[in-house]
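Here is how the chains run, residue by residue.
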Amino acid sequence: MQQPLTINAEIKSALAASRPVVALESTLITHGLPYPRNVETALAMEAAVREAGAVPATIAILKGDITVGITSCDIEALAQMPPGSVRKCSRRDLAIAAALQQDGATTVASTMIVAKIAGIKVFATGGIGGVHRGQPQDVSADLIELGRSPVAVVSSGAKSILDLPLTLEVLESQGVPILGYRTDVLPAFYAARTELPIDQRVESAAEAAAIIQAADTLGAQHGILITVPVPQGHELDAELAEAAIAQATIEAEEASVGGKDITPFLLNRVSELTKGASMAANIALLVNNARIAGQIALELSRI
Ligand code: PSU
Ligand code: MN
């Protein structure tokens, strides 16, 4: 029988022995950050997971093979592919990329699907997709996936380029608990805080792990969103960020950018408009989230 996934040997044995594993996505490599910052960041995230005592599993589709634990050479190769040559794969794209032997990068939604099949319970990223500003019908498949796949996603909330109040409404409808790692309010990706509520503050990786375990015991079929503020000293000035996001959003409308291209367009324009400051914040939070996800996976393996 055809195997749905290719899982590397280290991850296979870690999973078999119930040792901690953290899933990492690949869209941020191919569509989220420019070369060479994308490779550096992906490798730094893997290193942060290892330092925390867990095994990193970066997920991507290599010529149709849905691979759990791509090598650093694969990361380097994906990172250097010309823009547009790697398919940005959300839920709807997985089967197409697999059948047609395409190279594909996984988003939050598709990384969750693959993690679920592989048996990985914790996943780290930067910011999940959400509801776009002024486009309430543009709801990222990430939110729906959080409602259907039992994987804990460690992120700095949804990207600040989005409509965060509407994003919270959809997560509520999907039944997704939002935890705040040492925060009482929702972080906003580049900025550490908003005035928006979360469901529960947690003080430690162990507390987050206990909630993941309780959901598992209940047979919960939904994800858990664990939000972690961008580390102190790496925040983007809120006014600067807002001005850049507003400008980039107008430009996206004028250029009729839509569908799966809008998030990469906005991230890139905001980075240009802030002279790289937003990218620096993005990288800092990605590596920090990977480290905390490693700690949570470790605590979960001890329960
Ligand atoms: N986090 C980052 N950078 C990114 C992403 C997350 O720091 O580029 C990616 C994730 O893969 C997420 C995607 O799933 O952006 C959202 O795309 P969309 O809005 O089209 O659903
Ligand atoms: Mn969309």
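Residues numbered from 1 in each chain as written. Chains lettered and ligands numbered in written order. Predicted model: local features only at pLDDT ≥ 70, side-chain atom pairs only at ≥ 80, totals over all residues. Heavy atoms only, no water.

(A) Main features of the site of ligand 1. With respect to spatial proximity, 19 residues lie near ligand 1, and among them Glu25, Lys88, Ser140, Asp142 and Thr263 are the closest. The side chain of Asp142 places a nitrogen or oxygen atom 2.7 Å from an oxygen atom of ligand 1. Protein burial of ligand 1: of its 480 Å² of free accessible surface, 93% is covered by the chains. When residues of the shell around ligand 1 are traced back to their parent elements, those giving at least two are helix H2 (27–32), helix H11 (262–273) and helix H12 (277–302). Per-element accounting of the shell around ligand 1 gives the leading share, three residues, to H2. (Near = heavy atom within 4 Å. Polar contact = N/O pair within 3.5 Å; in protein donor to acceptor, adjacent residues only side chain to side chain. Areas by Shrake-Rupley, 256 points an atom, 1.4 Å probe, with all protein chains shown as cover. Helix = DSSP H or I, 4+ residues; strand = E, 2+ residues; numbered from the N terminus.)

(B) Here's a closer look at the environment of Asp103. Tracing the backbone shows Asp103 in the loop between helix H5 (94–99) and strand S6 (104–106). Under the relative-accessibility criterion, Asp103 is labelled buried at 16%. For the pair Asp103 and Leu62, spaced 41 residues apart in sequence, the C-alpha to C-alpha distance is 4.8 Å. Not counting chain neighbours up to four residues away, the residues in contact with Asp103 comprise Ile61, Leu62, Lys63, Met81, Val86 and Arg87. In this structure the side chain of Asp103 is engaged in a polar contact, spanning 2.8 Å, whose partner is the backbone nitrogen of Lys63. (Buried < 20%, exposed > 50% of the residue type's maximum accessible area, 1.4 Å probe, protein only. Contact = heavy atoms within 4.5 Å.)

(C) Geometry of the pattern of salt bridges. For the structure shown, the criterion picks out 14 salt bridges. Across the pair Glu145 and Arg91 runs a salt bridge whose closest N-O atoms are separated by 2.7 Å. Taken as a pair, Glu145 in helix H7 (residues 141–146) and Arg91 in the loop between strand S5 (87–89) and H5 lie far apart in primary sequence, 54 residues in all. What makes Glu145 buried here is its relative accessible area of 1%. Beyond isolated ion pairs, a larger network of salt bridges with shared partners links Arg87, Arg92, Asp93 and Lys260. (Salt bridge = Lys/Arg side-chain N within 4 Å of Asp/Glu carboxyl O.)

(D) Just the pairing of strand S3 (residues 55–62), in detail. Most of S3 sits inside the fold, with seven of its eight residues counted as buried. Of the strand pairs in this sheet, S3 and S6 are connected by two bridges, and their pairing is antiparallel. Looking at the pairing, Ile61 lines up with Gly104 of S6. (Pairing = 2+ DSSP bridges.)

(E) Spotlight on the side chain of Thr30. Residue position: Thr30 is located in helix H2. Among the polar contacts listed, one links the side chain of Thr30 to the side chain of His31, at a separation of 2.7 Å.

(F) Structural view of the pairing of strand S9 (residues 135–139). In this structure, strand S8 (residues 131–132) lies alongside S9, joined through two bridges in antiparallel fashion. Of the residues in S9, the one forming a bridge with Val131 is Val139. Hairpin remark: S8 followed by S9, antiparallel, with two residues in the connecting loop; positive phi at Gly134, about 70 degrees.

(G) Layout of unusual backbone geometry. Here the amide bond leading from Tyr35 into Pro36 is cis, since omega sits at 0 degrees, within 30 degrees of zero. Position of Pro36 among the secondary structure elements: in the loop between H2 and helix H3 (37–51). A positive phi angle is found at Lys63, which is not glycine, with a value near 45 degrees. Along the chain, the position of Lys63 falls in the loop between S3 and strand S4 (65–68). The exposed category is assigned to Lys63, whose relative accessible area is 60%. Despite not being glycine, Gln101 shows a phi value in the positive range, around 55 degrees. Within the secondary structure, Gln101 is located in the loop between H5 and S6.

(H) Focus on the nonpolar core. Residues Val68, Ile128, Ile226 and Ile296 are the most contacted members of the largest nonpolar core, which totals 103 residues. For this core, the element with the most residues is H12, which contributes 11 residues. When neighbours within four sequence positions are excluded, Ile226 is seen to be in contact with Ala152, Val153, Val154, Ser155, Leu179, Ala208, Ile212 and Ile296. (Core = buried A, V, L, I, M, F, W, Y, C linked by side-chain atoms within 4.5 Å.)

(I) Here's a closer look at the packing of H3 against H12. Close contact between H3 and H12 brings their axes to 7 Å; oriented N to C, the two are set at 25 degrees. When the axis of H3 is compared with that of H12, the two are roughly parallel. Seen from above, H3 lies across H12 with right-handed handedness. In contact with Arg37, Thr41, Ala44, Met45, Ala48 and Val49 of H3, H12 contributes Met279, Ile283, Leu286, Val287, Ala290, Arg291 and Gly294. When grouped by side-chain class, the residues that make up the contact of H3 with H12 number nine nonpolar, two polar and two charged. (Axes fitted to C-alpha atoms, helices over the stretch in contact; angles between N-to-C directions. Parallel < 35°, antiparallel > 145°, perpendicular 65-115°, else oblique. Left-handed = near helix turned anticlockwise from the far one by under 90°. Nonpolar A, V, L, I, M, F, W, Y, C, P; charged D, E, K, R; others polar.)

(J) Inspection of the environment of Ser110 at higher detail. On the secondary structure map, Ser110 appears in helix H6 (residues 108–118). In this structure Ser110 comes out as buried when scored by relative accessible area, which is 0%. Sequence separation between Ser110 and Glu253 is 143 residues; the distance between their C-alpha atoms is 27 Å. With sequence-adjacent residues up to four places away left out, Ser110 is seen in contact with Cys89, Ser90, Arg91 and Leu94. In terms of polar contacts, Ser110 uses its side chain to reach the backbone carbonyl oxygen of Cys89, at 2.6 Å.

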